[in-house]
Amino acid sequence: MADTPITLHERQYHQLKAVLARLRMDSSARVVFLVDKDGQEIAVQGEIGNLDTTSLASLAAGNVAATGGMAQLIGEKEFPTLSHEGAHESIHISVIGRMLLIVVFDERSSLGLVKLRSKQVSQQLAAMMEEIVNAPKDDSDSPFAGITDEDIDSLFQ
Amino acid sequence: MTFINYASREINCKIVYYGPGLCGKTTNLQHIFEATAPQARGKLISLATETDRTLFFDFMPLELGTVRGFKTRFHLYTVPGQVFYDASRKLILKGVDGVVFVADSQEERMDANIESLYNLEENLKAQGYDLMKLPYVLQLNKRDLPNIIPAADLAAELKRKEEPVVEAVASSGAGVFDTLKAVAKQVLTELRKG
């Protein structure tokens, strides 16, 4: 059986977005986003423009998974942070439990500032995600409990 | 892992195409990419070698439509089929909601199919999943080639449970969407169970 689905309610989503918005401001970053370790985007904040956040989320998760695999080969549990610095744009990724906090920044900021600010919010984000993941499941309010075969078939018409 | 976002009213699910090297996993994704309206899908990301062999994974997000007011988005991944990329395959199975096993119908690839299927079961187990309980489809690909094993024999050899079996020619698109539909349907049915 697949894992239990993660359900993110509106209140939780806006709380996460508020934390990301503050981090973005404090770190002078372009975009900040939160991604599940499996590559699912959870929340994004910032100048998205034409940025393909879905692909970026998937590739960041792949990147963390690959470097995590390397870490284990040399006897480390994982590498908690990853940084990629480009000529103009850079990416900093922090592993927070089962989530990845990704900060995209340019010359207006610096790696040191992004690292510091990311670290400052990681505990808060970890606690929020724990609450989301461990929330009691109430199947009665699930929109999918009453899903019919016709509903599913209609997707493939 | 299925991710349900009430704020953006989206469901996101992960489907992985598995199978031996050169069986047509990437070709399945390429056909879906080419046959889908641009607004329904994102970019097809291929992390491949210079000779177009999948190095890490291919990835494509696909939006199928709306169920009960929720957009259903499927994240389609392929694994590298070559035996020595096993570490990468394990990583890509993390958080999987449904698996498609793409079998190569050619006689000379039978051993490779069996080895890859065994590898799938082992790698799922390592991630805490059980193939017997996971949404799963068996695709018999390359049905247009001359030296193929009869579909019934191939299915008898490779079937693990009562999974749907789809005959396909991924290079022309035959059976590709039937396969996707069969696995997506099972994933959504799982959601109904909660």
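Anything mentioned here points back to the structure above.
The model shown is predicted, which means the values in this text are computed figures rather than measured ones.

Peer 1: Honestly, the overall build of chain A in this entry has me stumped. Any pointers?
Peer 2: For chain A, the helix and strand inventory stands at four helices and six strands. For chain A, the spread of C-alpha atoms along the three principal axes comes to 50 × 35 × 35 Å. Relative to its 157 residues, chain A shows a buried fraction of 45%. Summarising the internal contacts of chain A: among those between residues at least 6 apart in sequence, 52% fall at separations of at least 24. Across chain A, the centroid of the 13 positively charged side chains sits 12 Å from that of the 23 negatively charged ones.

Peer 1: Before we go on, may I ask you to explain the overall build of chain B in this structure?
Peer 2: In terms of regular secondary structure, chain B is built from five helices and eight strands. Mapped in sequence order, the helices and strands of chain B form the string β-β-α-β-β-β-α-β-α-β-α-β-α. A compact globule built from 194 residues should have a C-alpha radius of gyration of about 16 Å, and chain B, at 16 Å, falls within 12% of that. In chain B, the share of contacts with a sequence separation of at least 24, taken over all contacts with a separation of at least 6, comes to 69%. Entry remark: accessible area of chain B is about 7800 Å², with carbon and sulfur atoms responsible for 51%. For chain B, the distance from the average position of its 24 positive side-chain charges to the average position of its 24 negative side-chain charges is 9 Å.

Peer 1: What's the story with the packing of aromatic side chains in this structure? I'm lost.
Peer 2: Aromatic ring pairs are described here by two measures, namely the spacing of the ring centres and the angle between the planes. Residue and element names in this part refer to chain B. Applying the stated criterion across every chain yields a total of five aromatic pairs over all chains. Note on tyrosine 6 and phenylalanine 70: the rings are 5.3 Å apart at their centroids and 85° apart in plane angle, and the pair reads as edge-to-face. With tyrosine 6 in the loop between strand 1 (3–5) and strand 2 (10–18) and phenylalanine 70 in strand 5 (residues 70–78), this pair connects stretches of sequence that are 64 residues apart. Here tyrosine 6 and phenylalanine 70 have matching classes, each one buried. An aromatic cluster of at least three residues, connected via ring pairs, comprises Phe56, Phe57, Phe59 and Tyr77. When the ring centre of phenylalanine 33 is taken as reference, the NZ or CZ atom of arginine 41 above it lies at 3.8 Å.

Peer 1: Quick question: what am I supposed to make of the packing of helix 1 (residues 10–26) of chain A against helix 3 (residues 111–134) of chain A here?
Peer 2: Helices that pack against each other are described as a pair by the angle of their axes relative to one another and the distance between those axes. All names here are of chain A. It is the contact of helix 1 with helix 3, at a shortest axis distance of 9 Å, that shows an interaxial angle of 175°. Taken together, helix 1 and helix 3 sit at an angle that is classed as roughly antiparallel. Contacts between helix 1 and helix 3 involve Arg11, Gln12, Gln15, Leu16, Val19, Leu20, Arg22, Leu23 and Asp26 from the first element and Leu113, Arg117, Ser118, Val121, Gln124, Leu125, Met128, Met129, Glu131 and Ile132 from the second. Residues that form the contact of helix 1 with helix 3 fall into these classes: 10 nonpolar, four polar and five charged.

Peer 1: I keep staring at the pattern of salt bridges and nothing clicks. Help me out?
Peer 2: Close approach of charged atoms allows side chains with opposite charge to pair. Taken as a whole and judged by the stated rule, the model has 17 salt bridges over all chains. One salt bridge in this structure joins Asp86(B) and Arg89(B), with 3.4 Å as the shortest N-O distance. Of this pair, Asp86(B) and Arg89(B) are both found in helix 2 (residues 86–92), three residues apart, which corresponds to roughly one turn of the helix. Among the ionic contacts, a cluster of salt bridges with common partners joins Arg24(A), Glu47(A), Asp106(A) and Arg108(A).

Peer 1: Help me understand the interface of chain A and chain B in this model?
Peer 2: Often the size quoted for an interface is simply the accessible area lost on bringing the parts together. Contacts between chain A and chain B engage 40 residues on the former and 47 residues on the latter. Taken over both partners, the interface formed by chain A and chain B buries close to 4100 Å², and the fraction arising from carbon and sulfur atoms is 63%. The salt bridge involving Arg68(B) is made with Asp151(A); its shortest N-O contact spans 2.9 Å. Scanning the region where chain A abuts chain B turns up nine residue pairs in polar contact (both at pLDDT 80 or more). Broken down by element, the residue count for the side of chain A that touches chain B peaks at seven residues, all from helix 2 (residues 53–73) of chain A. Here strand 1 (residues 6–8) of chain A runs beside strand 1 of chain B; their pairing, made up of three bridges, is parallel. Directly across from Ile6(A), in strand 1 of chain B, lies its bridge partner Phe3(B).

Peer 1: Looking at this structure, I do not really get the pairing of strand 7 (residues 136–141) of chain B. What am I missing?
Peer 2: Each regular strand carries side chains that alternate between the two faces of the sheet. Residue and element names in this part refer to chain B. With six of its six residues buried, strand 7 lies for the most part within the structure. Neither face of strand 7 is exposed, since Tyr136, Leu138 and Leu140 on one face and Val137, Gln139 and Asn141 on the opposite face are all buried. Here strand 6 (residues 98–104) runs beside strand 7; their pairing, made up of six bridges, is parallel. Residue pairing for strand 7: valine 102 is matched across the bridge by glutamine 139. Following the backbone out of strand 6, through helix 3 (residues 110–126) and into the adjacent parallel strand 7, one traces a crossover that is right-handed.

Peer 1: Sorry if this is basic, but what is going on with the side chain of Arg30(A) here?
Peer 2: Residue and element names in this part refer to chain A. Structurally, arginine 30 is set in the loop between helix 1 and strand 2 (31–36). Arginine 30 gets classed as buried once you look at its relative accessible area, which sits at 18%. Contact partners of arginine 30, with chain neighbours within four places excluded, come to Arg24, Gln45, Gly46, Glu47, Glu89, Val104, Phe105, Asp106 and Arg108.

Peer 1: What is the right way to read helix 1 of chain A from this model?
Peer 2: What sets the pattern is the α-helix's 3.6 residues per turn: residues three or four places apart point alike. Taking 1.5 Å of rise per residue, the 17 residues of helix 1 of chain A would be expected to cover 24 Å, and the 24 Å separating its terminal C-alpha atoms lies within 8% of that figure. Along helix 1 of chain A, the positions that sit buried rather than exposed are Gln12(A), Tyr13(A), Leu16(A), Val19(A), Leu20(A) and Leu23(A). Buried residues of helix 1 of chain A, seen end-on, are gathered within an arc of 130° and therefore sit on one face of the element. Each element contacted by the buried residues of helix 1 of chain A is listed here: strand 1, strand 2, strand 3 (41–46), strand 6 (99–105) and helix 3 of chain A together with strand 1 of chain B. Count one or two residues on from helix 1 of chain A and you reach Ser28(A), which has phi positive near 50°.

Reading guide: rules and limits
- Residues numbered from 1 in each chain as written.
- Chains lettered and ligands numbered in written order.
- Predicted model: local features only at pLDDT ≥ 70, side-chain atom pairs only at ≥ 80, totals over all residues.
- Heavy atoms only, no water.
- Helix = DSSP H or I, 4+ residues; strand = E, 2+ residues; numbered from the N terminus.
- Buried < 20%, exposed > 50% of the residue type's maximum accessible area, 1.4 Å probe, protein only.
- Contact = heavy atoms within 4.5 Å.
- Lys, Arg positive; Asp, Glu negative; His and termini not counted.
- Charge placed at Lys NZ, Arg CZ, Asp CG, Glu CD.
- Rg over C-alpha atoms; globule rule 2.2 N^0.38 Å.
- Areas by Shrake-Rupley, 256 points an atom, 1.4 Å probe, with all protein chains shown as cover.
- Phe/Tyr/Trp six-rings, centres within 6.5 Å; stacked < 30°, edge-to-face > 60°.
- Lys NZ or Arg CZ within 6 Å of the ring centre and 35° of its normal.
- Axes fitted to C-alpha atoms, helices over the stretch in contact; angles between N-to-C directions.
- Parallel < 35°, antiparallel > 145°, perpendicular 65-115°, else oblique.
- Nonpolar A, V, L, I, M, F, W, Y, C, P; charged D, E, K, R; others polar.
- Salt bridge = Lys/Arg side-chain N within 4 Å of Asp/Glu carboxyl O.
- Buried area = accessible area lost by both parts, 1.4 Å probe.
- Polar contact = N/O pair within 3.5 Å; in protein donor to acceptor, adjacent residues only side chain to side chain.
- Pairing = 2+ DSSP bridges.
- Right-handed = clockwise from strand over helix to strand, strands pointing away.
- Expected span 1.5 Å × (residues − 1).
- Arc of directions from axis to C-beta.

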